Amino acid sequence: MPKTRFQTVVFTLVTAWLMVYGMTLYNTVLGTGEFTNSTFLHALTGMWVEFVIIFLCACFIAGNVAKYLAFRVVQPGDRPIQIFTVIAQVFFARIMATIKIHGFTNLFLPQFMTAYCKNFIMALPLQLIIAGPLARLLFRSIFLRKEKGSSQGISVSGNRGYE
């Protein structure tokens, strides 16, 4: 979908924001044990550090890891690359969160694996059903509208492509 580096960055920003907000909302509910109207605001105010880290991780680490893993299993252009992106992103996000919450102790591996499994269960459908399609819809509405507007030049007859 993205054709330029700028479009790739915008698409990654939108997708990362949707995923981080959704996963922060999910983890807030897991942590507090309740889902109220204030949970939406709490997740929104508490997600920004993770958003920046996940965005940078998506741009420089997880995207490359996902492509490497995916192209060992599928051909370039196949759709399942989203699954490998979720695998890589959840992996890096849970490592950072486990260290942030519990520190690097002798219980790191069990704490990480528990958090990874709980988050992967939510992240995969969130990406495939909500965040991915919504990000593509937003991307198309931003960039295809610009492309259509710039491709409707003035024709020889002086009309703006409406002959």
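Residues numbered from 1 in each chain as written. Predicted model: local features only at pLDDT ≥ 70, side-chain atom pairs only at ≥ 80, totals over all residues. Heavy atoms only, no water.

A. Spatial organisation of the overall build of the protein. Secondary structure assignment for the protein yields five helices and zero strands. Counting from the amino terminus, the protein carries its helices and strands in the arrangement α-α-α-α-α. Within the span of the protein, comprising 163 residues, buried residues form 33% of the whole. Sequence-distant contacts, at least 24 apart, represent 60% of the contacts inside the protein between residues at least 6 apart. As presented, the protein carries roughly 10,500 Å² of accessible surface, and 69% of it is formed by carbon and sulfur atoms. (Helix = DSSP H or I, 4+ residues; strand = E, 2+ residues; numbered from the N terminus. Buried < 20%, exposed > 50% of the residue type's maximum accessible area, 1.4 Å probe, protein only. Contact = heavy atoms within 4.5 Å. Areas by Shrake-Rupley, 256 points an atom, 1.4 Å probe, with all protein chains shown as cover.)

B. Summary view of the state of the cysteines. Within this structure, the stated rule accounts for zero disulfides. Sulfur of C57: no disulfide; nearest cysteine sulfur belongs to C59 and is 9.4 Å away. (Disulfide = S-S within 2.5 Å.)

C. Quick look at the nonpolar core. Counting 16 residues, the largest nonpolar core has M19, M23, V90 and A123 as its most contacted members. Taken together, the elements giving at least two residues each to this core come down to α1 (5–32), α4 (81–102) and α5 (108–151). No other element matches the nine residues that α5 contributes to this core. Sequence-distant contacts of M19, that is, excluding residues within four places in its chain, are made with A123, L126, Q127 and A131. Core analysis: the next-biggest nonpolar cluster, separate from the first, contains ten residues, Y21, I54, F55 and C59 among them. (Core = buried A, V, L, I, M, F, W, Y, C linked by side-chain atoms within 4.5 Å.)

D. Quick peek at the pattern of salt bridges. One pass over the structure, following the stated rule, counts one salt bridge. Linking K100 and E50 is a salt bridge whose minimum nitrogen-to-oxygen distance equals 2.9 Å. Of this pair, K100 sits in helix α4 while E50 sits in helix α3 (residues 48–70), and the two are 50 residues apart along the sequence. (Salt bridge = Lys/Arg side-chain N within 4 Å of Asp/Glu carboxyl O.)

E. Geometry of the side chain of T98. Topologically, T98 is positioned in helix α4. With residues near it in sequence (within four places) discarded, T98 still touches G103, F108, Q111, F112 and A115.

F. How the structure looks around the packing of α3 against α4. Look at α3 against α4: their axes get within 8 Å of each other, and the N-to-C directions meet at 135°. In this view, α3 runs oblique relative to α4, as classed from their interaxial angle. Considering the relative orientation of α3 and α4, their crossing is right-handed. For the pair α3 and α4, the contacting residues are E50, I53, I54, C57, A58, I61, A62, V65, A66, K67, L69 and A70 in the first and I81, F84, T85, A88, Q89, F92, A93, M96 and K100 in the second. Its residues placed into classes, the contact of α3 with α4 shows 16 nonpolar, two polar and three charged. (Axes fitted to C-alpha atoms, helices over the stretch in contact; angles between N-to-C directions. Parallel < 35°, antiparallel > 145°, perpendicular 65-115°, else oblique. Left-handed = near helix turned anticlockwise from the far one by under 90°. Nonpolar A, V, L, I, M, F, W, Y, C, P; charged D, E, K, R; others polar.)

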